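# Structural overview
Residues per chain, in single letters:
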2 protein chains.
Amino acid sequence: MNNAIYAQSGGVTSVINASAYGVMSELSKLAPNTNIFAAQNGILGLIEGKIYDLRKTKKPLELLLDSPAGMFGSCRFKLPEIENLKFYEDLFKILDSSSIRYFFYNGGNDSADTCLKVSLAAKKLGYDLCAIAIPKTIDNDLVVTDNCPGFGSVAKYIATSVKEAALDLKSMCKTSTNIFVLEVMGRHAGWIAASAELANAKDSTYVHKILLPEINLDEENFLTGVESDISQYGFCVIVASEGLKDQTGAFYSESTTQDSFGHKQLGGVAPKITDLVSRNLKVKYHWAVSDYLQRSARHLVSRTDMEQAIAVGKIAAEFALNGKSGVMPAIRRVSNDPYSWEIVEGNLTNIANKEKILPFNYISEGGFRINEEGTQYLRPLIQGESFPKFKDGLPIYEQLDLHLL
Amino acid sequence: MNNAIYAQSGGVTSVINASAYGVMSELSKLAPNTNIFAAQNGILGLIEGKIYDLRKTKKPLELLLDSPAGMFGSCRFKLPEIENLKFYEDLFKILDSSSIRYFFYNGGNDSADTCLKVSLAAKKLGYDLCAIAIPKTIDNDLVVTDNCPGFGSVAKYIATSVKEAALDLKSMCKTSTNIFVLEVMGRHAGWIAASAELANAKDSTYVHKILLPEINLDEENFLTGVESDISQYGFCVIVASEGLKDQTGAFYSESTTQDSFGHKQLGGVAPKITDLVSRNLKVKYHWAVSDYLQRSARHLVSRTDMEQAIAVGKIAAEFALNGKSGVMPAIRRVSNDPYSWEIVEGNLTNIANKEKILPFNYISEGGFRINEEGTQYLRPLIQGESFPKFKDGLPIYEQLDLHLL
């Protein structure tokens, strides 16, 4: 009996459960005798023996396609080095007690590290295990894969939201607000901030400044640009990454400023950028921080993202059934227009703990916008809609009934 | 020749343009010889003679149904008292030069004041004018009307977003984040914050604490409650109104933040509440501020809200054609379940400058939640979806071609 376990790790996305569905539906199809388990809260559930037995689940697994965030719970947890054999012996005892030979770990670069360690330790200890990582991160910062499931939906959410907010600002700028700052996620890589560029079109500019972690903020240049935008358009929309850095390379939101009462100022990049602009240009402002809203917005996922999230799950199942370990399904872009892609095999030794920042050739001259090459990369990822089912005015997001082993 | 002018005022909504469509389509149907104009940036466009002539617009007016914010521009501008006859004489000269006899002003309580002044001044000066206000405000704080077009869509957006974010938090709470704070609009009335309660269901709690402007924050009680939520659920979702007040009745966020003009600026309740909780309970946190995103989210409007926004526009046109002035179409709730409503006539003298806060009988004992009576009021307003058209991954939001007179 070869059984399988699936687990979710790191920050969740609006389509991570679709990858779970991909794995589980493909296993059921190709290896119907395989029992499928899911760890509660990622690798922690395995360590603590908190494992859901999906044979006991009465509701249909299709519900996974319709609910954001991690149905089985996630965790942020770093495994010990594989020299710590005792730890891994204990882990494999737990796996062996349920005849688990397939291990699927759905996460980002830290999670690829976890999966790689499990794979290497299994080989070292002679435990028969296929450990497969499944890519997932809104940050889009995994190497080897062209893009990461989860990112396309955030990109769609940010581009849509900023387009809407820009129309709002445009309505109000005559007598009221002139700048709007939206803070988005992406602590080390500017992919999410860059996606705001998709709101722009040839004949209409909705987003005027994009502040990326890849470009240390030159406040003077920035302010000159904002002033010019306001005089040209009457308003200026700024999208700022939470990972924006100052001229010294330190996080912009971390440098200490004090308010008029001498308190250290609270809040993130958006209020700080707003403060910078309003102090210097004396304009009225609004700011928003999308935070969790952007990465859990199942109501606005990209159908392309949804399809890729399912596909990496399915191929992960195939990899495991073919006896592979220490690998990850990676998305390879075949062409931009029409967009086509395929799934290839990526080796976790090339993926774990590595980070892909926004390439400089995607950033426009001046550093405050994304160029045509960048939007050509980004645009296919937000194509298509996949609305959830609504009931009584709200998305249903029905949760599976989960029962521990 | 009796012509008509329409203008938008105050903070915009995701369905205010639908009211414009209601007015214009009904006028075209019932009085096809009436020329329809729209003021650029509300009453300011009238004062400055910046008036769009919709006969010159080539694109179909149906585009108004699909685009958020104010297609014609809005303003925040207080008219002088009607004793200032010279001002109104000048205003009516501008109207008269285009034979304008119907004036439609689409806004909240300040805008009702504007419309009332125009109506009274016209009577006083013997200018033949039907001045009709059309209700619009996400704040839902107009009196006489049961609810305000614009609010239902924000309520739907907030309830959906907080449900999504709660699922995210639930996934992460084992090893990472335990509290999430979402700041929402509503400076004086807690309607928007209250709508978060709609995310909750009998068997699942997604929103644990709602902080309303109507209830001065008792920090100790609040912290005890949050601690209890975390121990019961593992996490706590808090929705806070920007208008939250401290025990002295001062704005909670105002104590330390001033804008560039030295005015106290609202916004920043979320980081302050987060700071309060994390300092006292030592838990990890995330916070979001939805700001403009909530009121411009055309991609998630309530179909009920959309229908009512169109209806008040149409009835406003009928009021004008029937020679009424100084009135506003108001929504009257006929029944809760099944929800039914009708449009009645409200007198602007009862509406202008008045404010309807959240009734205390909608607030649960303890002050941190909304009770059954409150949700029975709120729930009908978010029913139904009305997705915009998408192209290339994004809502189209095509703008009308507008040409000045």
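Per-chain numbering applies: the sequence of each chain, read as written, is numbered from 1 onward. Going through the entries in the order they are written, you letter the chains from A and number the ligands from 1. Reporting in this predicted model follows two pLDDT cut-offs: at least 70 for local features of residues, and 80 or more for side-chain atom pairs to be given and counted; totals over whole chains, interfaces and linings ignore these cut-offs and use all residues.

Right, let's talk about the overall build of chain A for a bit. Only DSSP runs of H or I covering at least 4 residues are called helices, and only runs of E covering at least 2 are called strands; the numbering of each starts at the N terminus. The number of helices and strands found in chain A is eleven helices and 13 strands. Here the C-alpha radius of gyration of chain A, 23 Å, is about what a compact globule of 405 residues would show, namely 22 Å. Principal-axis analysis of the C-alpha atoms places the extent of chain A at approximately 70 × 45 × 40 Å. Here a residue counts as buried when 20 or more other C-beta atoms sit within 10 Å of its C-beta, as exposed when there are 12 or fewer, and as partly exposed otherwise, the C-beta atoms being derived from the backbone. Per-residue burial over chain A gives 59% buried out of 405 residues. Looking at chain A alone, contacts between residues at least 24 apart form 77% of all its contacts between residues at least 6 apart. Throughout, radius of gyration means the C-alpha value; the globule benchmark is 2.2 Å times the number of residues raised to the power 0.38. It is the C-beta atoms, placed from the backbone, that decide contacts: two residues are in contact if theirs lie within 7 Å.

Residues and elements named next belong to chain A. Here strand 2 (residues 36-39) shows a buried face lined by Ile-36 and Ala-38 and a second buried face lined by Phe-37 and Ala-39. As judged from the three bridges shared by strand 1 (residues 3-8) and strand 2, these two strands associate in the parallel manner. Following the sheet pairing, Tyr-6 is matched in strand 2 by Ala-38. We call a crossover right-handed when, viewed with the strands running away from us, the connection from the first strand over the helix to the second turns clockwise. Between the parallel elements strand 1 and strand 2, the chain passes through helix 1 (residues 16-30) in a crossover that is right-handed. Only strands joined by at least two bridges in the DSSP assignment are considered to pair. Inspection of the sheet shows strand 2 paired to strand 3 (residues 51-53) by three bridges, in the antiparallel sense. The residue of strand 3 that forms the bridge with Ala-38 is Tyr-52.

Turning next to the interface of chain B and chain A. Contact residues are listed per partner, giving 66 residues for chain B and 67 residues for chain A. Broken down by secondary-structure element, the contributors of at least two residues to the side of chain B that touches chain A are helix 5 (151-172), helix 8 (269-281), strand 9 (285-289), helix 9 (291-295) and strand 13 (394-395) of chain B. With 13 residues, helix 5 of chain B is the single largest residue contributor to the side of chain B that touches chain A. Ten residue types, Ala, Val, Leu, Ile, Met, Phe, Trp, Tyr, Cys and Pro, are classed as nonpolar, four, Asp, Glu, Lys and Arg, as charged, and the remainder, Gly among them, as polar. Looking at the side of chain B that touches chain A residue by residue, the class counts come to 28 nonpolar, 23 polar and 15 charged.

Further remarks concern the relation of the copies chain B and chain A. We place the copies in one frame by least squares, fitting the C-alpha atoms of every residue whose pLDDT is at least 70 in both. By a simple turn and slide, chain B fits onto chain A: the slide is 0.0 Å along the axis, the RMSD is 0.1 Å, and the turn is 180°. In the structure described here, the two chain copies are related by an operation that fits a two-fold rotation axis. Scanning chain B for the C-alpha nearest the rotation axis identifies Val289(B), at a separation of 2.4 Å.

Let us look at the environment of Ser296(A). Relative to the helices and strands, Ser296(A) is located in the loop between helix 9 (291-295) and helix 10 (303-321). Judged by local crowding, Ser296(A) falls into the buried class, with 30 C-beta atoms found within 10 Å. Taking the C-alpha atoms as reference points, Ser296(A) and Pro213(A), separated by 83 residues in sequence, lie 22 Å from one another. If we ignore the near neighbours within four places in the chain, the residues touching Ser296(A) are Ser14(A), Pro68(A), Ala69(A), Glu164(B), Ala165(B), Leu167(B) and Asp168(B).

Note that the domain bounds reflect an automated or database-derived domain assignment. As far as domains go, chain A holds domain 1 (3-137 + 298-353 + 385-395) and domain 2 (152-294). On the domain 2 of chain A side, the residues contacting the eight residues of domain 1 of chain A number five residues.

Note: most residues except glycine have negative phi, and most peptide bonds are trans. For the peptide bond that leads from Asp337(A) to Pro338(A), omega is 5°, which places it in the cis range. Here Pro338(A) lies in the loop between strand 10 (327-336) and strand 11 (339-347). One non-glycine residue, Ala69(A), lies in positive phi territory at about 65°. With respect to the helices, strands and loops of the structure, Ala69(A) is situated in the loop between strand 3 and helix 3 (85-97). Take Ala69(A): there are 27 C-beta atoms within 10 Å of it, and that puts it in the buried class. Despite not being glycine, Tyr397(B) shows a phi value in the positive range, around 50°. With respect to the secondary-structure elements, Tyr397(B) resides in the segment after strand 13. Residue classification places Tyr397(B) among the buried positions, given that 25 C-beta atoms sit within 10 Å.

Here the focus is the packing of helix 1 (residues 16-30) of chain B against helix 10 (residues 303-321) of chain B. Residue and element names in this part refer to chain B. Their axes nearest at 7 Å, the elements helix 1 and helix 10 cross at an angle of 40°. Here helix 1 lies oblique to helix 10, going by the angle between them. Note that helix 1 runs across helix 10; the crossing there is right-handed. Residue-level inspection shows Ala-18, Ser-19, Ala-20, Tyr-21, Gly-22, Val-23, Glu-26, Leu-27 and Leu-30 of helix 1 in contact with helix 10, the latter providing Met-306, Ala-309, Ile-310, Ala-311, Val-312, Gly-313, Lys-314, Ala-316, Ala-317, Glu-318 and Leu-321. Counted by class, the contact of helix 1 with helix 10 contains 14 nonpolar, three polar and three charged residues. Fitted lines through C-alpha atoms serve as axes, helices being fitted only where they are in contact, and the angles separating the N-to-C directions of these axes extend from 0 to 180 degrees. Note that the term roughly parallel is reserved for angles under 35 degrees, roughly antiparallel for angles over 145, roughly perpendicular for angles of 65 to 115, and oblique for everything else. By convention, the crossing between two helices is left-handed when the near helix turns anticlockwise from the far helix through less than a right angle, and right-handed when the turn is clockwise.

What follows concerns helix 1 of chain A. Residue pairs spaced three or four apart in an α-helix point in one direction, given the helix's 3.6 residues per turn. Residue and element names in this part refer to chain A. Helix length check: helix 1 (15 residues) gives 22 Å between terminal C-alpha atoms against 21 Å at 1.5 Å per residue, within 8%. Within helix 1, eleven of the 15 residues are buried, which leaves the element mostly enclosed by the surrounding structure. Residues Ile-16, Asn-17, Ala-18, Ser-19, Ala-20, Tyr-21, Gly-22, Val-23, Met-24, Glu-26 and Leu-27 constitute the buried set of helix 1. Those residues of helix 1 that are buried are in contact with strand 1, strand 2, strand 4 (100-107), strand 5 (130-135) and helix 10. A helix is expected to span 1.5 Å for every residue after the first.

Quick look at the environment of Leu125(A) now. All names here are of chain A. Tracing the backbone through its elements, the reader meets Leu-125 in helix 4 (residues 109-125). Along the primary structure Leu-125 and Phe-92 are separated by 33 residues, whereas in three dimensions their C-alpha atoms are 9.1 Å apart. Setting aside its immediate chain neighbours within four residues, Leu-125 contacts Leu-85, Tyr-88, Glu-89 and Phe-92.

Residues and elements named next belong to chain A. With 15 residues, helix 7 (residues 219-233) should reach 21 Å at 1.5 Å per residue; the first-to-last C-alpha distance of 21 Å fits that figure. When helix 7 is considered as a whole, its buried residues turn out to be Phe-222, Val-226 and Asp-229. Take helix 7 and look down its axis: the buried residues cluster within an arc of 60°, on one side only. Every exposed residue of helix 7 that faces more than 90 degrees away from the buried side is listed here: Glu-220, Asn-221, Thr-224, Ser-228, Ser-231 and Gln-232. Elements in contact with the buried residues of helix 7: strand 6 (179-184), strand 7 (209-211), strand 8 (236-241) and helix 8 (269-281). In the segment just after helix 7, Gly-234 is the residue with positive phi, at about 90°. As used here, the arc is the angular range of directions from the helix axis to the C-beta atoms.

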